[in-house]
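# Chains, contacts and geometry: an overview
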Amino acid sequence: MEECISVFDMLKIGVGPSSSHTLGPWRAAERFLEELRAEAVLHKTERVKVDLYGSLSLTGKGHATDLAVMLGLSGQDPEYIPVENISGIIKAIEENHVIRLGNERDIPFWFLQDIVFNKNFLLFHANGLTFTAFLNDGIEYVSTFYSIGGGFVVKEDRPNAKKKMEIKCAFPYPIQTAAELLLYTQEQQRSISEIVYENEKSMRTEADIDHELMRIWNTMLECMYIGCHSEGILPGGLNVRRRAFDMHQGLIGLANYSNPQEWLETIRKTEVKFRQILKWVSCFALAVNEVNAALGRVVTAPTNGSAGVIPAVLMYYLVIENHEAGEKEIKQFLMVAGEIGSIFKKGSTISAAMGGCQAEIGVSSAMAAAALTEVMGGTPDQVLMAAEIAMEHHLGLTCDPIGGLVQIPCIERNTMGAIKAINAAELAMETDARNAKVPLDKVINTMWQTAKDMNSKYKETSEGGLAVAVNMADC
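Predicted, not measured: the structure shown is a model, and the values here were computed from it.

Each helix and strand counted, the protein chain has 21 helices and nine strands in total. Since a compact globule built from 475 residues should have a radius of gyration of about 23 Å, the 22 Å found for the protein chain is in line with a globular shape. Expressed along its principal axes, the backbone C-alpha trace of the protein chain runs to roughly 70 × 55 × 45 Å. Pairs at least 24 apart in sequence give 77% of the contacts found in the protein chain among residues at least 6 apart. Of the roughly 19600 Å² of accessible surface on the protein chain, a fraction of 50% belongs to carbon and sulfur atoms. Looking at the protein chain, you have 43 positive and 59 negative side-chain charges, and the mean spots of the two groups are 3 Å apart.

Here is the structure:
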């Protein structure tokens, strides 16, 4: 089946710390509410129970899965909820043992009993969760969802699935593989971003596309700004100190600005020495993922755990490579990044619970490398080569978060992914694409085979690697 995946599917605005373990379950709770309304049973619901399975259970506490479920059942929207309200909503549910289901109906809710952490895995996907609504007529309404990475949520048995399989993608340029994308650019004599833009226009107006792309960028920019100006210890018990604040202070010195846009322009005017470039990129990536770890608002790119790579590389382009760049280049960058991410999703996975961290940091690094290459003037062949180089050097990367928290080694890995993306872009720009030995599609296939061969304890379970080598009590 040809699958239409929009840039806005790959780059979603939400709340941290995890797209698959926080945003996905949150969206699943919203969809469960939609089902209750569609069946006209929400007003009959007297109690709700939620069962978490597999990776959602094993690392759910550290990823705030239980909090996300409660917020979703309360009818809150992760894209727009004021993040400062989250703790108050959760505290009220925990203290009063009542949840306002869908923001419509108060029902008893004992979160320690009504959210159950089951260590066993469901067969369809590693991230499964089942909602059960107990109705006042004695009937139980049960629905199971799977959070498959990047905030995407599916059901194993979808209504009219057979009909949907017969419906082809409505994009003028339906793309499943990198080879197909390259062929379109050659036939149409267009860049990758131009092909993507034509596809997006089949779903939205040009004004809407431009507005949403800039809203995504402004969210990224604000996230970096907040991270660079926030001190303290991250929540969760690992006592991880925020580092972006100190690093930023050391780089920018005494500068005057009052908002994220002025901050960006200030950095652009700052004289950056060669040795400081890596520090700036690392600072941007750290800032995003420290905000993410603190349940702040980020852009899933393609996941929350890897949310720092793309904004850090785009900031690198704006403040180091091209001071004249503006909205045109920002939109171009985001469209290319989104398209490369969608190809990885179709051919492999963007879920660490399925593929380890290669599916998150590796994919985000490939997305950023490709995007940077296009805005720096690379050909479509070089764009795909940059993505291939970036992923090639993330193959086999495991996901082993200490304490199930998206902090160690996750935050630092974003800095590594960003640096590799820049390096991959530079290598691709200096290479004749005709001499490329490894097509991007081959790397995507290899990544999926590697994911299937990888031991499950290295797939976001906190049962292997650093998660067991380091005692959380010693942190």
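Moving on from the model shown.
Sheet strands line up and pair through hydrogen bonds in the backbone, either parallel or antiparallel. Taken together, the five strands give an open sheet; going across it, the order is β5-β2-β6-β7-β8, and neighbouring strands pair in mixed fashion. Strands at the two margins of the open sheet, each flanked by one partner only, are β5 (115–118) and β8 (152–154). With direction set aside, neighbouring strand axes in the sheet form an average angle of 25°. Sheet analysis places strand β6 (residues 127–135) next to strand β7 (residues 140–149), joined by seven bridges and oriented antiparallel. From the neighbouring strand, Gly 128 faces β7, where its bridge partner is Tyr 146.

The volume enclosed by the second largest pocket comes to roughly 210 Å³. Forming the boundary of the second largest pocket are 14 residues, of which Leu 182, Asp 381, Leu 384, Pro 439 and Leu 440 lie nearest the centre. Tallying contributions element by element places helix α18 (residues 380–392) first for the lining of the second largest pocket, with four residues. Looking at the lining of the second largest pocket, its residues break down into 10 nonpolar, no polar and four charged.

Moving on, we come to empty space enclosed by the protein. The final tally for this structure, using the stated rule, is one cavity of 30 Å³ or more. In this model, the largest cavity occupies a volume close to 140 Å³. Forming the walls of the largest cavity are 18 residues, and the residues nearest its centre are Gly 305, Glu 360, Cys 399, Val 406 and Cys 410. A breakdown of the residues in the lining of the largest cavity according to their chemical character gives seven nonpolar, seven polar and four charged.

What follows is about the side chain of Ser 55. Assignment of secondary structure puts Ser 55 in helix α3 (residues 55–58). You can call Ser 55 buried: its relative accessible area is 0%. A polar atom in the side chain of Ser 55 sits 2.8 Å from the side chain of His 21. With sequence-adjacent residues up to four places away left out, Ser 55 is seen in contact with His 21, Gly 60, Phe 121, Ala 126, Asn 127, Ala 353, Lys 459 and Glu 460.

Conventions and cut-offs
Residues numbered from 1 in each chain as written. Predicted model: local features only at pLDDT ≥ 70, side-chain atom pairs only at ≥ 80, totals over all residues. Heavy atoms only, no water. Helix = DSSP H or I, 4+ residues; strand = E, 2+ residues; numbered from the N terminus. Rg over C-alpha atoms; globule rule 2.2 N^0.38 Å. Contact = heavy atoms within 4.5 Å. Areas by Shrake-Rupley, 256 points an atom, 1.4 Å probe, with all protein chains shown as cover. Lys, Arg positive; Asp, Glu negative; His and termini not counted. Charge placed at Lys NZ, Arg CZ, Asp CG, Glu CD. Pairing = 2+ DSSP bridges. Axes fitted to C-alpha atoms, helices over the stretch in contact; angles between N-to-C directions. 1 Å grid on protein atoms, 1.4 Å probe; cavity = no way out; pocket = protein on both sides within 12 Å on 5 of 7 lines; lining within 4 Å. Points joined across faces, edges and corners; volume = space filled by probe spheres on them. Nonpolar A, V, L, I, M, F, W, Y, C, P; charged D, E, K, R; others polar. Buried < 20%, exposed > 50% of the residue type's maximum accessible area, 1.4 Å probe, protein only. Polar contact = N/O pair within 3.5 Å; in protein donor to acceptor, adjacent residues only side chain to side chain.

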